[in-house]
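So the chains spell out like this:
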Amino acid sequence: MLDTADFAARLREIIDAHLGLEGPLLPILHAVQHEWGHIPEPAIPQIAAALNLGRAEVHGVVSFYHDFRREPAGKLVLKLCAAEACQAQGGRDLARDVLKGLGLTDFGTTPDGKVTVERTFCLGLCACGPSAMVGDRPVAAAKAEDICREALA
Amino acid sequence: MKVYVPRDAAARGLGSDAVAQAVQREAEKRGLPLELVRNGTRGMVWLEPLVEIETQSGRTAFGPMTPEDVPALFEDITRHPKALGPVEEMPWFARQTRLTFARVGLIDPLSLQDYEAHGGLAGLRRALAMSGQAIVDEVKLSGLRGRGGAGFPTGIKWDTVRLAPAPQKYIVCNADEGDSGTFADRMLMEGDPFTLIEGMAIAGLAVGATRGYVYTRSEYPDAVAQMTEAIRIARAAGVLGPSLLGQGPAFDMEVRTGAGAYVCGEETSLLNSLEGKRGVVRAKPPLPAIEGLFGRPTVVNNVISLASVPWIMANGAQAYKDFGLGRSRGTIPLQIAGNVKQGGLFEAAFGLTLGEIVNDIGGGTRSGRPVKAVQVGGPLGAYFPVGKFDTPFGYEEFDGQGGLIGHAGVVIFDDSVDMLQQARFAMEFCAVESCGKCTPCRIGAVRGVETVDRIAQGDPTAMPLLVDLCETMRDGSLCALGGFTPYPVMSALTHFPDDFATAREAAE
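What counts as what
Residues numbered from 1 in each chain as written. Chains lettered and ligands numbered in written order. Predicted model: local features only at pLDDT ≥ 70, side-chain atom pairs only at ≥ 80, totals over all residues. Heavy atoms only, no water. Domains from an automatic or database assignment. Helix = DSSP H or I, 4+ residues; strand = E, 2+ residues; numbered from the N terminus. Buried < 20%, exposed > 50% of the residue type's maximum accessible area, 1.4 Å probe, protein only. Pairing = 2+ DSSP bridges. Axes fitted to C-alpha atoms, helices over the stretch in contact; angles between N-to-C directions. Contact = heavy atoms within 4.5 Å. Polar contact = N/O pair within 3.5 Å; in protein donor to acceptor, adjacent residues only side chain to side chain.

By the naming in an unreviewed UniProt entry, chain B is NAD-dependent formate dehydrogenase beta subunit, taken from Rubellimicrobium mesophilum DSM 19309.

Chain A is annotated in an unreviewed UniProt entry as NAD-dependent formate dehydrogenase gamma subunit from Rubellimicrobium mesophilum DSM 19309.

Draft legend 1. How the structure looks around the domain arrangement of chain A. Partitioning chain A into domains gives domain 1 (4–64) and domain 2 (76–152). Summarising the inter-unit geometry, the C-alpha centres of domain 1 of chain A and domain 2 of chain A are found 30 Å apart.

Draft legend 2. Main features of the domain arrangement of chain B. Entries for chain B in the domain assignment read domain 1 (2–90), domain 2 (112–321), domain 3 (328–414) and domain 4 (419–507). The gap between the C-alpha centroids of domain 1 of chain B and domain 4 of chain B is 46 Å.

Draft legend 3. Spotlight on the environment of B:P153. Residues and elements named next belong to chain B. On the secondary structure map, P153 appears in the loop between helix 6 (132–142) and helix 7 (154–163). The class of P153 is partly exposed, set by a relative accessible area of 28%. In sequence terms P153 and V139 are 14 residues apart; their C-alpha atoms lie 8.9 Å from each other.

Draft legend 4. Fine view of the sheet that holds strand 7 (residues 211–216) of chain B. Residue and element names in this part refer to chain B. If you trace the 4 strands from one edge of the open sheet to the other, you get 8-7-6-9, paired in parallel fashion. Edge positions in the open sheet fall to strand 8 (252–257) and strand 9 (298–302), since each of these has one partner strand only. Neighbouring strand axes in the sheet, compared pairwise and without regard to direction, differ in orientation by 20 degrees on average. Pairing of strand 6 (residues 170–175) with strand 7, which is carried by 6 bridges, proceeds in the parallel orientation. Looking at the pairing, A175 lines up with T216 of strand 7. The sheet contacts of helix 9 (residues 193–207) involve strand 6, strand 7, strand 8 and strand 9, and relative to strand 6 the element is tilted by about 145 degrees.

Draft legend 5. Structural context of the side chain of B:T331. All names here are of chain B. Tracing the chain through its elements places T331 in strand 12 (residues 331–338). What makes T331 buried here is its relative accessible area of 2%. There is a polar contact of 2.6 Å between the side chain of T331 and the side chain of E347. Once residues within four sequence positions are removed from consideration, T331 is found in contact with T97, L99, T100, R147, Y320, E347, A348, A349 and F350.

Draft legend 6. Spatial organisation of the sheet that holds strand 4 (residues 132–134) of chain A. Residue and element names in this part refer to chain A. A sheet is described by the order of its strands in space; here 5 strands give the open sequence 2-3-1-4-5, paired in mixed fashion. With partners counted over all chains shown, the strands left at the sheet margins are strand 2 (108–109) and strand 5 (137–139), one partner each. Pairing of strand 4 with strand 5, which is carried by 3 bridges, proceeds in the antiparallel orientation. Bridging across to strand 5, M133 finds its partner in P138.

Draft legend 7. Focus on the pairing of strand 14 (residues 371–376) of chain B. All names here are of chain B. Where burial is concerned, most of strand 14 is hidden: 6 out of the 6 residues are buried. With 3 bridges joining them, strand 14 and strand 15 (residues 383–385) adopt antiparallel strand pairing. Of the residues in strand 15, the one forming a bridge with Q375 is Y383. Linking strand 14 to strand 15, which pair antiparallel, is a turn of 6 residues; within it G377 sits at a positive phi near 95 degrees.

What follows is the structure, encoded as structure tokens:
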């Protein structure tokens, strides 16, 4: 999947671009995930060495935050809000219908790797729920059939 | 022709990008010169996308707009089917006291000229001529308290940092607005980011800090982009940088993005996250004001606290203090959300009752069914029954009713809600988001879910156990996540006992 030499070189560039920051670890991890779609395991020792941290510390940070993936996600990531304001506007039904429409029994990735459905707690669209993010695009007053149609297109 | 189409994430979620494109297409088709401004939202979310056209008599609103409604904007607008009249005369808007949000929706959020033309930078200019102590005194006098929810007097916090000797101090803006039902921080960062920059610069002047961070959420990509761009513009214009406005000390800032951890809205966990660590809560003391970011004295304030400061500095502390009720001074941006007919952001002086907020301003439920419960203050806030609708909106007033105002989110539920499920969700949320440092929260929340499930199955011994568990979490947790989760759970149990009893009866 990743050519070892290219990978290490590109990772080095990413790390170097952030070394001037105070507290550079989270910005580096965001940039790594932006580049490869997840935090590849081989990145951890290299980041640890560059920041003079233990591997366990970096691993601890990666695993603490919900955003950081250790496996690649589907081509499209769908986030459905599961928090109270959306619950009050049919959020639970939306989640059930979207999962059903995509042939999933729980949150996760479709077998063909096309769509990953995740639950999130609040997108700040609380007066016009239920809400979702389709990729980077906010969707308010979301309807399951519209979301599924777009996800399967 | 000057047309405003909001780029606020809620407006985008409701289709404002397509409306903006339609406006552009239509203007081209007719060969009309067009000035299209992507403003913030006026806060009337149920009318979004809300388009405004500048006319000789001011700005006229149309909404909720679809691309199909756009061509008629270029005909006789007085006969447009979506016409709402002059935007600032709309009753929902006119009733407000917009101080902190005065410019949100009004100006082009990334135009520093527009910002200054509408009173921006006046507060910073005044502060530049004052001593740090005089600025702090002004903020103290205004009565401003932490708008993140804790309600700590902002001026006293600033004074602690000001008096702490250190070679480096920080201003950290807590923009990790994770509470469901709240979107004031997002709306302000997207709709008037320079106000936050100005507030942070004034804070820097007051306490002697030269560096600021805005820690916000990965769930808010639009706010991250807008804030980052605004900082770049402010730096290029010399507002920020080696010398504030070219006449003050240095102050610069940057945006940092969280990674989906709710607990990072807790200030010490946020500081750990900024330092690149796991977002684990720190024990207090030491207070962040003494030992904060990288062990240095740090002001940690919510977006709205900081964004209220420019108005206070420009108009005087007394003018701000004249608004409000009891010890809750000034205005509060109410965020009316959930199952509501007229939801959005409504800035008003403290003191409206919960009933006025839900029924008069919100117009009741969108579903048309009776209101059953209102959760105030996010996932750690209590559920209020209709019987408590006479509670005035203020820090002490809500505390006295077994609740909290938090970040002023008001989430309305109709009578289809099952309060046992809401209590279960509160525990489940705490279990998912616990940082794991203290046992009452880490273990208690998991046991809490199980205990609510036992109640649902009709186990009569589970009820006193849940009450006992809530007491332990409340008294024994290190921070508000474990400590306040009992608010929604116990308020559901106390005010809606029928939802917990039906399961028992069914089992018998």
